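Given next are the chains, with one letter for each unit.
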Amino acid sequence: MSQKVLLNATEVNIALHRLACQLIENHDTFSETVLIGIQPRGVFLAERIKLLLETTYKVKNIELGYLDITFYRDDFRRNDKPIEASTTKIDFIIEDKKVVFVDDVLYTGRSIRAALTAIQSFGRPLEIELLTFIDRRFSRHLPIQPDYRGRQVDAINHEKVKVCWEENEGLDAVYLIKN
Amino acid sequence: MSELSVKHLLGIKYINENDINLIFKTADHFKEVINRSIKKVPSLRDITIANLFFENSTRTRLSFELAEKRLSADVVNFSASSSSVKKGETLIDTVNNILSMKVDMVVMRHSNPGAGIFLSKHINASIINAGDGAHEHPTQALLDCYSIREQFGEVAGKNILIVGDILHSRVALSNIFALKKLGANVKVCGPKTLIPKYISSLGVTVELSLKKALEWCDVANMLRVQNERMDINYFPTTREYTQQFGLNKKILDSLDKEIIVMHPGPINRGVEITSDVADSSQAIILNQVENGVAIRMAVLYLLASKLQRNED
């Protein structure tokens, strides 16, 4: 197994700032916008972006929720081992709000398909956008594209892209892992 | 651990502590789901479940049906009173006929102990025991322990008292297995005639005085007297039973701590528990019912994940 650094801590930081600025361009004060981190790994990115928006760019009162998609996946009973669920926590109303899904890696698009179904249990949003830190080109199974992307990566199928966060893995970095 | 060690839920006896904790963790997520405005997830949309109730039930049948529908499963219902069982069909024939209609899971209640185990040896579907005679009622025990965990944060080390007809109660047996596996201390209390002779071999102590037992416990689970399973008289009169083993507000208030009162239902108000206790803030009887749906969703989901897909 070999791994290659795609983005180091500085590059991750630059990309995060750019994503935050792009969100402000489109959502201004976030009064009608909510962020939804997709469990489990989109949550770290969502929390980081919220922190950046609040501390560096002084946007106040950003609503952030966590959405678990385990029960909405289309591969239930197709995997060897079932996937363990995580917590869903959405303490605000999403009806008529602009929802931004936040996830770390966009690969086949199936998780986002599941998230689009799952979010409907909480109401009818005005619109839904997708922010993803890594967009893996050439590997989509569904017609889903991000509205905001940190970096586009060309990785072939047996390669894995891993996004690491300081609060979880001790260091901000993105790796390409080859088996 | 994200998988159960068993293919069927036939009784608490056959599962381990990890299984119970996995069911609880999964139920936590389903409890959040059933409190949403849209209380449904699509997980089991390609699964068909038959609810076979050879014995009467209100709560358990509704609870299972609701859990199945919340998971988007297709449901067929069967009750013995309106079926060919009356015409002399055997259990295995009835079930095989239903399975020919491509049913993936069977939820069964039957008056014969071991009916679920018998079926699991003869048919392919995943079986969930919803009560078999005086043997086991695993989902009831799971939801009882889950409700205790919800109140105290954990079950281990808590003192749990089970009062009433221990001899005929499948709820008592399943509860004892589950509570012991989770590390709780269990005591039973009731008329001597309704306490099985070898109960202590399950690691349970016996107390014949209700007052003393209540002073010991953190939770009292009050069981119904199962008149339908009694072939002889086990105590002189219902009135005498109530005087000795009925829980009323006076005894409850005389204790130096606030205990939690549970009841698996159906309640015989004024027999094992008085109305003012059943409706008091110490009783978590309706929480148990709510938790029942979440627990059954978790059990169905986890067992369904082990089913082979047809195309395999």
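About the cut-offs
- Residues numbered from 1 in each chain as written.
- Chains lettered and ligands numbered in written order.
- Predicted model: local features only at pLDDT ≥ 70, side-chain atom pairs only at ≥ 80, totals over all residues.
- Helix = DSSP H or I, 4+ residues; strand = E, 2+ residues; numbered from the N terminus.
- Rg over C-alpha atoms; globule rule 2.2 N^0.38 Å.
- Buried ≥ 20, exposed ≤ 12 C-beta atoms within 10 Å, placed from the backbone.
- Contact = placed C-beta atoms within 7 Å.
- Axes fitted to C-alpha atoms, helices over the stretch in contact; angles between N-to-C directions.
- Parallel < 35°, antiparallel > 145°, perpendicular 65-115°, else oblique.
- Left-handed = near helix turned anticlockwise from the far one by under 90°.
- Nonpolar A, V, L, I, M, F, W, Y, C, P; charged D, E, K, R; others polar.
- Domains from an automatic or database assignment.
- Expected span 1.5 Å × (residues − 1).
- Pairing = 2+ DSSP bridges.
- Right-handed = clockwise from strand over helix to strand, strands pointing away.
- pLDDT = per-residue confidence, 0-100.
- Arc of directions from axis to C-beta.

(A) Structural context of the overall build of chain B. Each helix and strand in chain B was counted, giving eleven helices and nine strands. Computed over the C-alpha atoms, the radius of gyration of chain B is 19 Å, within 12% of the 20 Å expected from 2.2 N^0.38 for a compact globule of 312 residues. Projected onto the principal axes, the alpha-carbon positions of chain B cover approximately 60 × 45 × 35 Å. Here chain B, with 312 residues, has 46% of them falling under the buried criterion.

(B) Molecular detail of the overall build of chain A. Each helix and strand counted, chain A has four helices and eight strands in total. For chain A, the succession of helices and strands along the chain, N to C, is β-α-β-α-β-β-α-β-β-β-α-β. The C-alpha radius of gyration computed for chain A amounts to 16 Å, which stays within 12% of the reference 16 Å derived for 179 residues, consistent with globular compactness. If you line up chain A on its principal axes, its C-alpha atoms span 45 × 40 × 30 Å.

(C) Structural context of the environment of Asn179(A). Residue and element names in this part refer to chain A. Checked against the element boundaries, asparagine 179 lands in the segment after strand 8 (173-178). The spacing of asparagine 179 and histidine 158 is 21 residues in sequence and 7.3 Å in space, taken between C-alpha atoms. Other than its neighbours up to four places away in sequence, asparagine 179 contacts Met1 and His158.

(D) Structural context of the packing of helix 1 (residues 9-27) of chain A against helix 2 (residues 42-55) of chain A. Residues and elements named next belong to chain A. Two numbers describe how helix 1 lies on helix 2: the axes approach to 10 Å, and their chain directions differ by 70°. As far as their axial angle goes, helix 2 and helix 1 are roughly perpendicular. Regarding helix 1 and helix 2, the two cross each other, and that crossing is right-handed. Only Arg48, Ile49, Leu52 and Leu53 of helix 2 make contact with helix 1, whose side of the interface consists of Leu16, His17, Leu19, Ala20 and Leu23.

(E) Highlighting the interface of chain A and chain B. Tallying the contact residues gives 17 residues for chain A and 15 residues for chain B. Residues that form the side of chain A that touches chain B fall into these classes: seven nonpolar, five polar and five charged.

(F) Spatial organisation of the domain arrangement of chain B. Residues and elements named next belong to chain B. Assigned domains within chain B: domain 1 (12-137 + 290-304) and domain 2 (138-288). The C-alpha centroid of domain 2 is placed 25 Å from the C-alpha centroid of domain 1. In this assembly, 23 residues from domain 1 lie in contact with 25 residues from domain 2. Contributions of two or more residues to the side of domain 1 that touches domain 2 are made by helix 1 (17-33), strand 4 (126-132) and helix 11 (285-304). Broken down by element, the residue count for the side of domain 1 that touches domain 2 peaks at six residues, all from helix 11. For the side of domain 1 that touches domain 2, the class distribution of residues is nine nonpolar, seven polar and seven charged.

(G) Structural view of helix 2 of chain A. All names here are of chain A. With 14 residues, helix 2 should cover 20 Å at 1.5 Å per step; its first-to-last C-alpha distance of 20 Å lies within 8% of that length. Restricting attention to buried positions, one finds in helix 2 the residues Gly42, Val43, Phe44, Leu45, Ala46, Arg48, Ile49 and Leu53. Those residues of helix 2 that are buried lie in contact with helix 1, strand 2 (33-38), strand 3 (63-67), strand 4 (98-106), strand 5 (127-137) and helix 4 (166-169).

(H) Representation of the pairing of strand 5 (residues 159-163) of chain B in the model. Residues and elements named next belong to chain B. Here strand 5 lies mainly inside the structure; four of its five residues are buried. In the sheet, strand 5 pairs with strand 6 (residues 185-189) via five bridges, with the strands oriented parallel. Across the sheet, asparagine 159 pairs through a bridge with asparagine 185, a residue of strand 6. In terms of handedness, the path from strand 5 via helix 6 (residues 170-181) over to strand 6 forms a crossover that is right-handed. Strand direction decides the pairing type here: strand 5 and strand 8 (residues 219-222), joined by four bridges, are parallel. Bridge pairing in strand 8 links valine 163 to methionine 222.

(I) Structural view of the confidence of the model for chain B. When pLDDT is averaged along chain B, the result is 91, and 97% of the positions lie at 70 or above. Scoring the predicted complex yields pTM 0.90 and, for the interface, ipTM 0.83.

(J) Quick look at the sheet that holds strand 2 (residues 74-79) of chain B. Residue and element names in this part refer to chain B. In spatial order, the strands read 2-1-3-4; together these four strands make up an open sheet with parallel pairing. Each edge of the open sheet carries a strand with a single partner, namely strand 2 and strand 4. On average, each strand axis in the sheet is inclined to that of its neighbour by 15°, with strand direction left out of account. Two elements, strand 3 (residues 105-110) and strand 4, share five bridges in a ladder whose sense is parallel. Within strand 4, the residue paired with methionine 105 across the bridge is serine 126.

(K) Looking closely at the sheet that holds strand 5 of chain B. Residue and element names in this part refer to chain B. The five strands lie next to each other as 7-6-5-8-9, forming an open sheet whose pairing is parallel. The open sheet has two free edges, formed respectively by strand 7 (205-206) and strand 9 (260-262), since each of these has just one partner strand. Summarising the sheet, strand 8 and strand 9 pair through three bridges and their orientation is parallel. Residue pairing in the sheet places valine 219 in a bridge with isoleucine 260 of strand 9.

(L) Focus on the environment of Tyr241(B). Residues and elements named next belong to chain B. The residue tyrosine 241 is located in helix 8 (residues 238-245) in this model. Residue tyrosine 241 is classed as buried on the basis of its C-beta count, with 20 C-beta atoms lying within 10 Å. In this structure, the C-alpha to C-alpha distance between tyrosine 241 and aspartate 144, residues 97 residues apart in sequence, is 24 Å. Setting aside chain neighbours within four positions, we find tyrosine 241 in contact with Pro191, Val225, Phe235 and Val271.

(M) Expanded view of helix 3 (residues 110-119) of chain A. Residues and elements named next belong to chain A. Along helix 3, the residues that are buried comprise Ser111, Ile112, Ala114, Ala115, Ala118 and Ile119. The buried residues of helix 3 occupy an angular sector of 155° when projected down its axis, which confines them to one face. Buried positions along helix 3 lie against strand 2, strand 3, strand 4 and strand 5.

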